[in-house]
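Each chain, written out:
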Amino acid sequence: MDHQGQLRRAALALGIPDDEINRFTDHLRLSVRLGGGSGGAPVGQCGGLPRLPVGTDWPTAGASPLPFIFSVDCAALPRVEGFGLPVDGSLLFFLAHEEDHLAGGTGDRRYARVVYVPGDTDTKVAEEPSIPNFVGEQYDLHARLGVELPPWIAKQDDDEDDEDDDDLSPFQQQLARDLERDLPHLDELRALADDLWPPDEGLASADIGGYADDEVIRSIAEQTLAGREKAGEIVVPVTQWYTHLEKEEHRLTNEWVSLARFSLADEFYYGSFVIRHDDLAAGRLDEALSVTEFSE
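Report follows, based on the coordinates. From a predicted model like this one, the values you see are computed outputs, not experimental measurements.

### Quick look at the pairing of strand S7 (residues 90-95)
Next, step 1: The buried fraction of S7 is high, at 5 of 6 residues.
Next, step 2: With 5 bridges connecting them, strand S6 (residues 68-73) and S7 associate as antiparallel partners. Residue aspartate 73 lies in a different strand from S7, and its bridge partner there is serine 90.
Next, step 3: The pairing of S7 with strand S8 (residues 112-117) spans 6 bridges and is classified as antiparallel. Counted as the bridge partner of phenylalanine 94 is arginine 113 from S8.

### Notes on the pattern of salt bridges
Next, step 1: This structure, assessed with the given rule, holds 15 salt bridges.
Next, step 2: When the shortest N-O distance is used, the salt bridge between arginine 251 and glutamate 248 registers 2.6 Å. Here glutamate 248 and arginine 251 lie together in helix H8 (residues 241-255), a separation of 3 residues that amounts to about one turn.
Next, step 3: Three or more residues joined by partner-sharing salt bridges are found here, namely Arg23, Asp178, Arg181 and Asp182.

### Thoughts on H8
Next, step 1: With 15 residues, H8 ought to run about 21 Å at 1.5 Å a step, and its terminal C-alpha atoms sit 21 Å apart, in line with that.
Next, step 2: Buried residues of H8: Leu245, Glu246, Glu248, Glu249 and Leu252, and no others. Relative to the axis of H8, the buried residues are bounded by an arc of 165° and lie together on one face.
Next, step 3: Check the buried side of H8 and you find it contacts helix H5 (170-182), helix H7 (214-230) and strand S12 (256-263).

### Side note on a negative patch on the surface
Next, step 1: Judged by side-chain charge, Asp73, Asp88, Asp120 and Asp122 come together as a negatively charged surface patch.
Next, step 2: In this structure, aspartate 122 sits in the loop between S8 and strand S9 (123-125).

### As for the nonpolar core
In globular proteins that are soluble, nonpolar side chains generally tend to be buried together.
Next, step 1: Among the nonpolar cores identified, the biggest contains 52 residues, and Leu34, Phe70 and Leu259 are the most heavily contacted of them.
Next, step 2: Here phenylalanine 70 is in contact with Leu34, Gln45, Cys46, Leu91, Leu92, Phe93, Leu141, Ala206, Ile208, Ala260 and Phe262, once residues within four sequence places are set aside.
Next, step 3: Counting residues in hydrophobic clusters, the runner-up holds 14 residues, among them Trp58, Leu66, Leu92 and Tyr111.

### Description of the side chain of glutamine 45
Next, step 1: As for its placement among the helices and strands, glutamine 45 is situated in strand S2 (residues 44-46).
Next, step 2: A polar contact of 2.8 Å, which involves the side chain of glutamine 45, links it to the backbone oxygen of glycine 47.
Next, step 3: A polar atom in the side chain of glutamine 45 sits 3.0 Å from the backbone oxygen of leucine 49.
Next, step 4: Setting aside residues no more than four positions away along its own chain, glutamine 45 makes contact with Pro50, Phe68, Phe70, Ser71, Gln138, Tyr139 and Leu141.

### Considering helix H2 (residues 18-27)
Next, step 1: Taken together, the buried positions of H2 are Glu20, Ile21, Phe24, Thr25 and His27. All buried residues of H2 lie within an arc of 150° about the axis, which places them on one face of the element. Facing away from the buried side of H2 by over 90 degrees, the exposed positions are Asp19 and Asp26.
Next, step 2: Contact partners of the buried residues in H2: helix H1 (3-13), strand S1 (29-35), strand S10 (139-148), H5 and helix H6 (186-196).

### Digging into the packing of H2 against H6
Next, step 1: Look at H2 against H6: their axes get within 11 Å of each other, and the N-to-C directions meet at 60°. As far as their axial angle goes, H6 and H2 are oblique. Crossing of H2 over H6 shows right-handed handedness. Contact residues: H2 offers Glu20, Ile21 and Phe24, while H6 offers Leu186, Leu189, Arg190 and Ala193.

How each quantity is defined
Residues numbered from 1 in each chain as written. Predicted model: local features only at pLDDT ≥ 70, side-chain atom pairs only at ≥ 80, totals over all residues. Heavy atoms only, no water. Buried < 20%, exposed > 50% of the residue type's maximum accessible area, 1.4 Å probe, protein only. Helix = DSSP H or I, 4+ residues; strand = E, 2+ residues; numbered from the N terminus. Pairing = 2+ DSSP bridges. Salt bridge = Lys/Arg side-chain N within 4 Å of Asp/Glu carboxyl O. Expected span 1.5 Å × (residues − 1). Arc of directions from axis to C-beta. Contact = heavy atoms within 4.5 Å. Patch = residues over 30% accessible without salt bridge, like charges linked within 9 Å, V, L, I, M, F, W, Y side chains within 5 Å. Areas by Shrake-Rupley, 256 points an atom, 1.4 Å probe, with all protein chains shown as cover. Lys, Arg positive; Asp, Glu negative; His and termini not counted. Charge placed at Lys NZ, Arg CZ, Asp CG, Glu CD. Core = buried A, V, L, I, M, F, W, Y, C linked by side-chain atoms within 4.5 Å. Polar contact = N/O pair within 3.5 Å; in protein donor to acceptor, adjacent residues only side chain to side chain. Axes fitted to C-alpha atoms, helices over the stretch in contact; angles between N-to-C directions. Parallel < 35°, antiparallel > 145°, perpendicular 65-115°, else oblique. Left-handed = near helix turned anticlockwise from the far one by under 90°.

Take a look at the structure:
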């Protein structure tokens, strides 16, 4: 389905100029929200035992098996323009969240794994590791579409404008002012997006696609700037570090996409896999980066 076409047709019907629509949709990203309960045919599985290619061992970090979080059937997911997921096959996500969190920033990627299983692959249910309470409760996942915008564009309630503005940095406030100047119909466009893809107030088990979390992008930006400084490519004065960091975050937001965000049985953490647009489009799913964060 041409989702951006839906928005375009509705906006043109309101008399919104085409160039405004184009600029707004440059910032709009659709995501697939996954949750339990009912709602059409299942698109994946949370917990339980994964289906792995015949002859393939359970992914491990050294001798320790990685906990299986969830899987999705790519062919069953709603198609999102410009996202680049495989058209068929399955994605399986494995994560040892405490170890992955402790390894953050070290380059150690042993504790997180995305496994892509092509659609024509013979699979079987994996044998359960002999570890007590290792396998989580299994339930089917169902999908619905959601819409995401950067925080400096996201719709605000009129009574909360001042408070929300205080949450934005000066750099983000300037981005918001520039966009509001160039998009006189910004409020109408945001309202149309919410009408087409209403916000879901319920808790999702996972989200596929959309924007990477701010904390994740910041972590990547900090490592990128520190690496460039160490290599002698740039010199950032201490007093200008935060400004350079924000600009780097803004650049990376357009380069990276969220592959999966999900809550964990341990309520103190959440998992996040991100990937560059180019790597996803080329099927280089092994380039996905995991950043496990505290939930509070």
